[in-house]
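# What the coordinates show
Chain residues, written in single-letter form:
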Amino acid sequence: MIEKRRTKKSSKIKSILVIVILSFVLIGCLLVLFIANDKRIMNHTENHVVKVEKNFSSETTEQDSSSSEKENNQSAETIINHTVSLAKEGKIEIAPFVAGKTKVSEVTREWGDPKQESPLDTITYEDYPNHVATIGVKNNVVMDLRSWGSNLKEIHYKDIIKMLGEAEEIKYYQDEIHDQVILSYLVNANYELKWILPKPTKEADNPAVDHISIVSTQQLDDSEQTSIDQTEMSFDEKIGQMIIAGVEGTSMQANNKQLITEYHIGGVIFYSENLLSYQQSAKFIQRFKEINRSNRHPLLISVDQEGGEVSRVPGVEKIPSSASIGKRGDADYAYDIGVKLGEQLKSAGFNVDFAPVLDINSNPNNPVIGDRSYGDNPSLVSKMGIQTMHGIQSKNIIAVIKHFPGHGDTSVDSHMELPKVVKPLKELEKFELVPFKNAIQSGADVVMVAHILNPKLDQNYPASLSKAVITDILRNDLSFDGVVITDDLTMGAIMKHYDIGEAAVQSIKAGSDILLVAHDYTKVVQVIERIKEAVRDGEISEERINESVNRITKLKEEYLRS
């Protein structure tokens with residue numbers, strides 16, 4: 001009985017232990033499940049946080065990248081603009097020198113001796129690694145300034161094309177180390193800016209700039225050409241100096257070149273059809289100067305740049321007409337206009353401006369003068385015209401006053417026909433001649449004579465062919481000893497009434513120094529050959545030729561060699 005009770009009690013204890021164990025197992029399973037679930041929740045949360053952080057980081061990176069790219073573009077744009085601005089003056093950021101002007105002695109004084117010298121053709125390149133620059137020297141003058149400045153590395157190929165457009169000239173250079181492209185831009189008549197970069201490839205289509213080069217386009221300045229000594233000039237050279245010829249095309253043509261190299265013409269004139277853009281104009285003009293290096297005297301590079309409708313040079317600020325300048329009546333303003341005209345021409349490479357117009361606009365039916373005149377009275381025209389002339393001259397540009405003895409009171413366009421004015425000298429002296437007289441007394445260097453017939457002065461010849469007008473009135477009465485140039489001899493006023501060769505000879509006999517033959521190569525040659533014939537036959541004396549050549553060379557010495 002007692003054993004039975006023990007057995008029953010033992011069985012009860014075992015049951016309790018099983019229940020306890022099972023409870024612990026259950027609790028353990030629940031605990032495992034809880035921990036696993038909690039870990040899953042935590043992982044999900046962490047993944048969500050990481051994802052959010054990644055998205056935020058991506059957005060921030062994109063924003064930073066966009067901002068950085070924008071800043072880089074702005075930086076590149078600033079550097080390019082600054083580089084171009086300096087290039088127009090022949091300078092680079094890191095050097096106190098000017099291409100085409102600084103002597104090599106100045107470089108040595110500032111920077112000492114170069115680390116290395118490398119002769120190449122006619123230029124010697126001197127390396128200054130401490131200044132990250134190389135100097136190209138010719139005839140003891142710095143002609144090429146090269147910079148490896150670190151800021152240039154911020155500029156890339158596409159930045160240059162975007163800012164400056166396609167290069168005017170693209171060249172390639174390759175050696176054992178380099179494979180480069182050279183982008184050349186003519187920034188003005190005097191300087192060319194070259195960007196040198198690694199050649200773009202499919203893998204690297206936007207390389208950074210390696211270095212730049214500022215090259216003086218003046219192999220020699222006009223002032224450095226051989227001084228003109230008339231005793232050393234040939235007969236052909238003297239005759240050539242008396243001709244300003246028209247230009248053909250928009251790039252160098254064989255006829256243009258021949259007029260310079262074979263006929264030794266003294267100058268050229270450009271019209272709108274020759275000038276397509278500012279850069280093309282500057283490059284075209286520079287080509288004439290380069291070809292003329294074979295001659296000992298610089299060219300007169302001329303154009304009609306009056307302002308208003310008669311403005312030939314493209315890509316420059318529009319200048320108001322003379323009439324609008326006259327209406328203001330402000331002499332200082334007129335002077336500033338002259339300065340601006342001079343700056344425009346000088347930057348493009350011109351050295352002669354057929355302006356200002358000193359005709360008085362006294363005839364409302366005049367088809368050719370109109371708003372090219374400063375006004376309808378001698379005082380106003382004198383005041384405005386002289387100040388404009390002085391402004392042009394201040395920029396070392398030769399100003400040509402026109403159209404002597406006055407084209408204002410005509411009703412016929414001399415481009416088409418021969419105008420006729422019937423006025424006695426005394427009447428002209430009180431009106432038309434006043435601005436010319438005042439300008440001559442104020443330092444006029446060149447006077448253009450018009451194709452106008454005035455029977456009261458000369459019954460047979462227009463002013464441009466008249467001794468009575470050129471020698472008696474202009475030279476003697478007004479005491480003008482400067483250069484006299486005709487208006488264009490190919491105009492209808494001459495061509496419809498005279499043989500151009502005979503007109504040229506008559507004009508020289510009358511006192512003209514330069515004959516303007518603005519169109520047609522064959523007419524230029526015809527004029528030159530007829531003058532030579534006249535001198536050989538004694539119709540024109542060589543002394544007479546020498547008088548004109550003296551005046552022309554004196555003018556060139558003053559303006560083109562100063």
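In the block above lies the structure referred to throughout.
This is a predicted model, so every value here is computed, not measured. (Residues numbered from 1 in each chain as written. Predicted model: local features only at pLDDT ≥ 70, side-chain atom pairs only at ≥ 80, totals over all residues. Heavy atoms only, no water.)

Okay, the overall build of the protein chain next. Along the protein chain, the regular secondary structure elements total 16 helices and 18 strands. Within the span of the protein chain, comprising 562 residues, buried residues form 49% of the whole. Across the protein chain, every contact between residues at least 6 apart in sequence was considered, and the portion connecting residues at least 24 apart equals 70%. Looking at the protein chain as shown, the accessible area adds up to about 27,400 Å², and 51% of this sits on carbon and sulfur atoms. (Helix = DSSP H or I, 4+ residues; strand = E, 2+ residues; numbered from the N terminus. Buried < 20%, exposed > 50% of the residue type's maximum accessible area, 1.4 Å probe, protein only. Contact = heavy atoms within 4.5 Å. Areas by Shrake-Rupley, 256 points an atom, 1.4 Å probe, with all protein chains shown as cover.)

Our focus in this paragraph is the sheet that holds strand E5 (residues 169-174). The strand order across the open sheet built from eight strands is E1-E2-E3-E4-E8-E7-E6-E5, with neighbouring strands paired in antiparallel fashion. Pairing within the sheet leaves two strands with one partner each, and these edge strands are strand E1 (116-120) and E5. Strand-to-strand twist of the sheet, defined as the mean angle between neighbouring strand axes without regard to direction, takes the value 25 degrees. Relative to strand E8 (residues 211-216), strand E7 (residues 191-198) runs antiparallel, the two being bridged by six bridges. In the sheet register, Leu-193 faces E8, and the bridge partner there is Ile-214. Its contacts with the sheet put helix H2 (residues 104-111) on strand E2 (123-128), strand E3 (133-138) and strand E4 (141-147), and the angle it makes with E3 is roughly 150 degrees. (Pairing = 2+ DSSP bridges. Axes fitted to C-alpha atoms, helices over the stretch in contact; angles between N-to-C directions.)

Burial analysis of strand E15 (residues 398-404) places seven of its seven residues in the buried class, the great majority of the element. Summarising the sheet, strand E14 (residues 352-353) and E15 pair through two bridges and their orientation is parallel. The partner of Asp-353 across the bridge, within E15, is Ala-399. Taken together, E14, helix H9 (residues 378-394) and E15 form a β-α-β motif whose crossover is right-handed. (Right-handed = clockwise from strand over helix to strand, strands pointing away.)

Attention now goes to the nonpolar core. Ile-265, Phe-270 and Phe-350 are the most contacted members of the largest nonpolar core, which totals 101 residues. Looking at which element gives the most residues to this core, the answer is helix H15 (residues 521-536), with eight residues. Non-local contacts of Ile-265, meaning those with residues more than four positions away in its chain, are made with Gly-240, Gln-241, Ile-243, Ala-245, Leu-259, Ile-260, Leu-299 and Ile-528. If you look at the next biggest cluster of nonpolar residues, it comprises 34 residues, including Val-84, Ala-87, Val-187 and Val-209. (Core = buried A, V, L, I, M, F, W, Y, C linked by side-chain atoms within 4.5 Å.)

It is worth spelling out the environment of Met-143 at this point. Tracing the backbone through its elements, the reader meets Met-143 in strand E4. Look at Met-143 and you get buried, because its relative accessible area is 5%. Distance from Met-143 to Thr-102, taken between C-alpha atoms, is 8.4 Å for residues 41 residues apart in sequence.

Glancing now at unusual backbone geometry. In this chain, Lys-402 is followed by His-403 through a cis amide linkage whose omega measures 0 degrees. Of note, His-403 is situated in strand E15. For the bond from Phe-404 to Pro-405, the omega torsion is 5 degrees, close enough to zero to count as cis. Topologically, Pro-405 is positioned in the loop between E15 and helix H10 (425-430). For Asn-140, which is not glycine, the phi dihedral falls at a positive 65 degrees.

Quick look at the packing of aromatic side chains now. The final tally for this structure, using the stated rule, is eight aromatic pairs. Aromatic side chains Phe-270 and Phe-350 sit 5.7 Å apart centroid to centroid with 90 degrees between the ring planes, which places their arrangement in the edge-to-face category. Taken together, the positions of Phe-270 in strand E10 (residues 267-270) and Phe-350 in the loop between helix H8 (331-348) and E14 put the pair 80 residues apart, joining distant regions of the chain. A network of ring pairs unites the aromatic residues Phe-270, Phe-284, Phe-288 and Phe-350 as a single cluster. The ring of Tyr-172 carries Lys-199 above its face, with NZ or CZ at 5.1 Å from the centroid. (Phe/Tyr/Trp six-rings, centres within 6.5 Å; stacked < 30°, edge-to-face > 60°. Lys NZ or Arg CZ within 6 Å of the ring centre and 35° of its normal.)

So, about helix H14 (residues 500-510). Taking burial as the measure, the eleven residues of H14 include nine buried ones, the bulk of the element. Among all positions of H14, only Ile-500, Gly-501, Ala-503, Ala-504, Val-505, Gln-506, Ser-507, Ile-508 and Ala-510 are buried. Its buried side turned inward, H14 meets helix H12 (467-477), strand E17 (483-486), helix H13 (492-495), strand E18 (515-517), H15 and helix H16 (542-560). One side-chain oxygen of the residue at the start of H14 lies 3.0 Å from the amide nitrogen of Gly-501, identifying that residue as Asp-499. Looking at the residues trailing H14, positive phi occurs at Gly-511, about 130 degrees. (Polar contact = N/O pair within 3.5 Å; in protein donor to acceptor, adjacent residues only side chain to side chain.)

In this section: the packing of helix H5 (residues 254-261) against H15. At a minimum axis separation of 11 Å, H5 and H15 run at an interaxial angle of 20 degrees. On the basis of the axis angle, H5 is roughly parallel to H15. Note that H5 runs across H15; the crossing there is left-handed. Listed contacts from H15 to Asn-255, Gln-258 and Leu-259 of H5 are Tyr-521, Val-524 and Val-525. Classifying every residue of the contact of H5 with H15 gives four nonpolar, two polar and no charged. (Parallel < 35°, antiparallel > 145°, perpendicular 65-115°, else oblique. Left-handed = near helix turned anticlockwise from the far one by under 90°. Nonpolar A, V, L, I, M, F, W, Y, C, P; charged D, E, K, R; others polar.)

Spanning 16 residues, H15 covers 23 Å between terminal C-alpha atoms, matching the ideal 22 Å at 1.5 Å per step. Here H15 has its buried residues at Tyr-521, Val-524, Val-525, Val-527, Ile-528, Arg-530, Ile-531, Lys-532, Ala-534 and Val-535. Elements that come into contact with the buried residues of H15 comprise helix H4 (235-241), strand E9 (243-246), H5, H14, E18 and H16. (Expected span 1.5 Å × (residues − 1).)

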